[in-house]
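Now for the letters of each chain:
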Amino acid sequence: MVSYKELGLVNTREMFAKAIKGGYAIPAFNFNNMEQMQAIISACVEANSPVILQVSSGARKYANQTLLRYMAQGAVEYAKELGRNIPICLHLDHGNSFELCKSCIDMGFSSVMIDGSSLPYEENVALTKKVVEYAHQFDVTVEGELGVLAGVEDEVASEVAHYTKPEEVIDFVTKTGVDSLAISIGTSHGANKFKPEQCTRNEEGILVPPELRFDILAEIEKQLPGFPIVLHGSSSVPQEYVKIINTHGGALKDAVGIPEEQLRKAAKSAVCKINIDSDGRLAMTAAVRKVFVDNPAEFDPRKYLGPARDELKKLYIHKCENVLGSAGKA
Ligand code: G3H
Ligand code: 13P
Ligand code: ZN
């Protein structure tokens, strides 16, 4: 058993309190490998932003949980070496069982999500409460979820979305003791967040998605004033990346994300954690595809993973500075 405190990590409590007060959101970027971790840390050091390093159960399977733990510990030292001791949280994304959450807590995670959103309400309450009771003994913070996001990811799948019911949030938060609440107001995971028939097309033929349900968010904030709210599925799916991918041998069809303007608006509210994974995948894929097409003789991984890492860093700095408002808040 290792405490995250020994690793130099922090939980989300203070980060979220400051973010709500300051009208910005903390970036929660997913990582699976060294280049992603380096890009996240160097970007957040440069932007002087607090950050949540997010690990999904798919990432744990891919990279090995022990390695990821040591990489997060390394991230703390790397940030210091780059010149800034920014607050870094290591968070389990979409934990689906008590055992998985416990294992992460015992391994040095400073925050976990228990995602019981697909369970019947009372079962979600019971599971979330059990995780909170364990986590709080070690000062680890817990994110719960109410409402279901649509979209298909490796470990997170649902055909249809169910918006969060504002009338349930007080009961859920009180009964479970969670530190933050993920809600469903129209975002979804992946690069195809909306079906083309849900969108309109602008003059350039680009899909414009419907607005997020800010009315539901406002109602939730009214029920839980000052309580930390989390937005999953918040990639914007930059069309410049989609274009590079598709002109360099890729085949991404009807990829559409959440417009940055709407994320800026959300970040000013009680939304204090914004989850971004797909945009990083797009940035990396665009950069790697470009090298492969432009220089087919290249076979040194550093020559394509390096540019991918540079593009990721640019993307993350942009998110902190121009979308979430977390730059300068470390
Ligand atoms: O919410 C899902 C994240 O994007 C993680 O995706 O399960 O494919 O690692 P993953
Ligand atoms: P995106 O797929 O929109 O990046 O969402 C990621 C996420 O919510 C991770 O939990
Ligand atoms: Zn998610």
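First things first, this report covers the structure right here in the doc. Model, not experiment: these values are computed from the prediction.

1. Points about the environment of Ala-270
- In this structure, Ala-270 sits in the loop between helix H11 (260-267) and strand S12 (271-276).
- In sequence terms Ala-270 and Ala-218 are 52 residues apart; their C-alpha atoms lie 9.0 Å from each other.
- Not counting chain neighbours up to four residues away, the residues in contact with Ala-270 comprise Ile-20, Glu-221, Phe-227, Pro-228 and Ile-229.

2. Some remarks on helix H6 (residues 98-107)
- Of all ten residues making up H6, seven are buried, and the element is well covered by its neighbours.
- Every buried residue belonging to H6 is among Phe-98, Leu-100, Cys-101, Cys-104, Ile-105, Asp-106 and Met-107, and all of these are buried.
- Those residues of H6 that are buried are in contact with helix H4 (57-63), helix H5 (65-82), strand S3 (88-95), strand S4 (111-114) and helix H7 (121-136).
- Looking one or two residues beyond H6, the residue adopting positive phi is Gly-108, at roughly 115°.

3. Some remarks on the site of ligand 2
- Ligand 2 sits among 16 residues. The nearest are Asp-93, Lys-193, Ser-235, Asp-277 and Ser-278.
- Here an oxygen atom of ligand 2 and a backbone polar atom of Ser-234 are 3.2 Å apart.
- Ser-235 places a polar side-chain atom, nitrogen or oxygen, 2.6 Å from an oxygen atom of ligand 2.
- Contact with the protein chains covers 97% of the free accessible surface of ligand 2, which is 300 Å².

4. Section: unusual backbone geometry
- We note that Asn-48 has phi near 55°; this positive angle belongs to a residue other than glycine.
- Along the chain, Asn-48 turns up in the loop between helix H3 (34-47) and strand S2 (51-56).

5. Examining the packing of helix H10 (residues 239-247) against helix H12 (residues 278-294)
- As a packed pair, H10 and H12 sit with axes 9 Å apart at the nearest point and diverge in direction by 35°. Note on packing geometry: the crossing formed by H10 with H12 is left-handed. Across the interface between the two elements, Tyr-241, Ile-244 and Ile-245 from H10 touch Asp-279, Leu-282, Ala-283, Thr-285, Ala-286, Arg-289 and Lys-290 from H12.
- Partitioning the contact of H10 with H12 into residue classes produces six nonpolar, one polar and three charged.

6. A few points about the pairing of strand S5 (residues 141-146)
- For S5, a buried count of six out of six residues is recorded, marking the element as mostly surrounded by other parts of the structure.
- In S5, alternate side chains face the same way, and those of Thr-141, Glu-143 and Glu-145 on one face and Val-142, Gly-144 and Leu-146 on the other are all buried.
- Judged from the three bridges that link them, S4 and S5 form a sheet pairing that is parallel. When the bridges of S5 are listed, Ser-111 appears paired with Thr-141.
- Running through H7, the crossover from S4 to the neighbouring parallel element S5 is right-handed.
- Relative to strand S8 (residues 180-183), S5 is paired through four bridges, and the arrangement is parallel. Bridging from a neighbouring strand, Glu-145 pairs with Ala-182 of S8.

7. Points about the pattern of salt bridges
- By the definition in use, this model includes 23 salt bridges.
- Note that Asp-139 is salt-bridged to Arg-13, the shortest N-O span being 2.8 Å. With Asp-139 in the loop between H7 and S5 and Arg-13 in helix H2 (residues 13-22), this residue pair connects regions lying 126 residues apart in the sequence.
- Residue classification places Asp-139 among the partly exposed positions, given a relative accessible area of 26%.
- Close ionic contact of Arg-302 with Asp-300 constitutes a salt bridge, the shortest N to O distance being 3.1 Å.
- Take Arg-302: its relative accessible area is 65%, and that puts it in the exposed class.
- Overlapping salt bridges bring together Lys-5, Arg-13, Asp-139 and Asp-179 as one network.

Thresholds applied
Residues numbered from 1 in each chain as written. Chains lettered and ligands numbered in written order. Predicted model: local features only at pLDDT ≥ 70, side-chain atom pairs only at ≥ 80, totals over all residues. Heavy atoms only, no water. Helix = DSSP H or I, 4+ residues; strand = E, 2+ residues; numbered from the N terminus. Contact = heavy atoms within 4.5 Å. Buried < 20%, exposed > 50% of the residue type's maximum accessible area, 1.4 Å probe, protein only. Near = heavy atom within 4 Å. Polar contact = N/O pair within 3.5 Å; in protein donor to acceptor, adjacent residues only side chain to side chain. Areas by Shrake-Rupley, 256 points an atom, 1.4 Å probe, with all protein chains shown as cover. Axes fitted to C-alpha atoms, helices over the stretch in contact; angles between N-to-C directions. Left-handed = near helix turned anticlockwise from the far one by under 90°. Nonpolar A, V, L, I, M, F, W, Y, C, P; charged D, E, K, R; others polar. Pairing = 2+ DSSP bridges. Right-handed = clockwise from strand over helix to strand, strands pointing away. Salt bridge = Lys/Arg side-chain N within 4 Å of Asp/Glu carboxyl O.

Honestly, it's all geometry; don't read function into it.
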